[in-house]
Amino acid sequence: CLPYAWASPMRLPRFRRDLTQAERVRRAAALPADVRGRLRFLFARLYRSTLLRRTQSIVVTGSCGKTSAKELIATVLASRAHGYRMPSMYNSVWHITRGLLKTRPWHTFMVAELPGAGAQGFPLDELLPIIRPTISVVTSIGDDHKSVFRTLDAVAEHKGKVVDYLPAHGVA
């Protein structure tokens, strides 16, 4: 059996050599959830800016039709290139960063679906610098999130952040 440092690409600090791999993982998991989430968030940002810099990131948002649009885009692109499509259930910051970490450097594209209301714990201002979309799709602006944003203009402003964050060569 190989030592843990040889068996895994992710190395944990080796302060105590007498610990087993399971004990090291258990101790790492003992970190508070907010610390683990912040570390995952920072690692996803580093991963996207280094290994995934050539991967085209496509972001789909809107009041309705997000999943259908995401699936159609991913299916059409998959006929010509190899990429990653985040599952439909990935609709929180934790899931988006996890999906980003599942994208591999050889993938040509990544399609992500951003959920609706930002006031319900979905900070677009923090998440868009990590995803760094090159293509943004806004399906529709509707009354679905009126309880959170109060007006249709506020919903449009929130969804518009995805388009505003595009680089100069980006497509909306």
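These numbers were taken from a predicted model, which means no experiment stands behind them.

Before going further, it helps to examine the pairing of strand 1 (residues 56-61). Across the six residues of strand 1, five count as buried, placing the element largely inside the fold. Pairing of strand 1 with strand 3 (residues 109-113), which is carried by five bridges, proceeds in the parallel orientation. If you follow valine 59 over to strand 3, its bridge partner there is alanine 112. Alignment of strand 1 against strand 4 (residues 135-138), held across four bridges, turns out to be parallel. What sits directly across from valine 60, in strand 4, is valine 137.

With that settled, consider the sheet that holds strand 1. Pairing in this open sheet of four strands is parallel, and the strands run 2-3-1-4 from one edge to the other. The open sheet has two free edges, formed respectively by strand 2 (83-85) and strand 4, since each of these has just one partner strand. Taking each pair of neighbouring strands and ignoring which way they run, the sheet shows an average axis angle of 15 degrees. Strands in contact with helix 4 (residues 66-78) are strand 1, strand 2, strand 3 and strand 4; relative to strand 3, the strand with the most contacts, it is inclined by about 170 degrees.

What follows is about the packing of helix 5 (residues 93-102) against helix 6 (residues 124-131). In the contact formed by helix 5 and helix 6, the axes pass within 11 Å of each other and the chain directions differ by 5 degrees. The pairing of helix 5 with helix 6 is recorded here as roughly parallel in orientation. Across the interface between the two elements, Val93, Ile96, Thr97 and Leu100 of helix 5 pack against Leu127, Ile130 and Ile131 of helix 6.

Taken N-terminus to C-terminus, the directions of helix 6 and helix 8 (residues 152-164) make an angle of 20 degrees; their axes are 10 Å apart at the nearest point. The angle between helix 6 and helix 8 places the two elements in the roughly parallel class. Crossing of helix 6 against helix 8: the hand is right-handed. When helix 6 is examined against helix 8, the residues Leu124, Asp125 and Leu128 are found in contact with a partner set consisting of His158, Lys161 and Val162. When grouped by side-chain class, the residues that make up the contact of helix 6 with helix 8 number three nonpolar, one polar and two charged.

What follows deals with the packing of aromatic side chains. Scanning the entire structure with this criterion turns up one aromatic pair. For the ring pair phenylalanine 43 and tyrosine 47, a centre distance of 6.3 Å and an interplane angle of 20 degrees mean the geometry is stacked. Taken together, the residues span about one helical turn, with phenylalanine 43 and tyrosine 47 both in helix 3 (residues 33-50) at a distance of four residues.

Our focus in this paragraph is helix 5. Buried residues of helix 5: Val93, Ile96, Thr97, Gly99 and Leu100, and no others. Down the axis of helix 5, the sector holding all buried residues measures 160 degrees, keeping them to one side.

A word on the nonpolar core. Met86, Leu100, Leu114, Leu127 and Ile131 are the most contacted members of the largest nonpolar core, which has 19 residues in total. Of all elements in the fold, only helix 3, helix 5, strand 3 and helix 6 reach the threshold of two or more residues within this core. Broken down by element, this core gets its largest block of residues, five residues, from helix 6. Apart from the residues lying within four places of it in its own chain, the contact partners of methionine 86 are Lys70, Ile96, Gly99, Leu100, Met110, Val111 and Ala112. One finds Ile58, Val60, Phe109 and Val111 within the second-largest nonpolar core, a separate group that totals six residues.

Scoring rules and cut-offs
Residues numbered from 1 in each chain as written. Predicted model: local features only at pLDDT ≥ 70, side-chain atom pairs only at ≥ 80, totals over all residues. Heavy atoms only, no water. Buried < 20%, exposed > 50% of the residue type's maximum accessible area, 1.4 Å probe, protein only. Helix = DSSP H or I, 4+ residues; strand = E, 2+ residues; numbered from the N terminus. Pairing = 2+ DSSP bridges. Axes fitted to C-alpha atoms, helices over the stretch in contact; angles between N-to-C directions. Contact = heavy atoms within 4.5 Å. Parallel < 35°, antiparallel > 145°, perpendicular 65-115°, else oblique. Left-handed = near helix turned anticlockwise from the far one by under 90°. Nonpolar A, V, L, I, M, F, W, Y, C, P; charged D, E, K, R; others polar. Phe/Tyr/Trp six-rings, centres within 6.5 Å; stacked < 30°, edge-to-face > 60°. Arc of directions from axis to C-beta. Core = buried A, V, L, I, M, F, W, Y, C linked by side-chain atoms within 4.5 Å.

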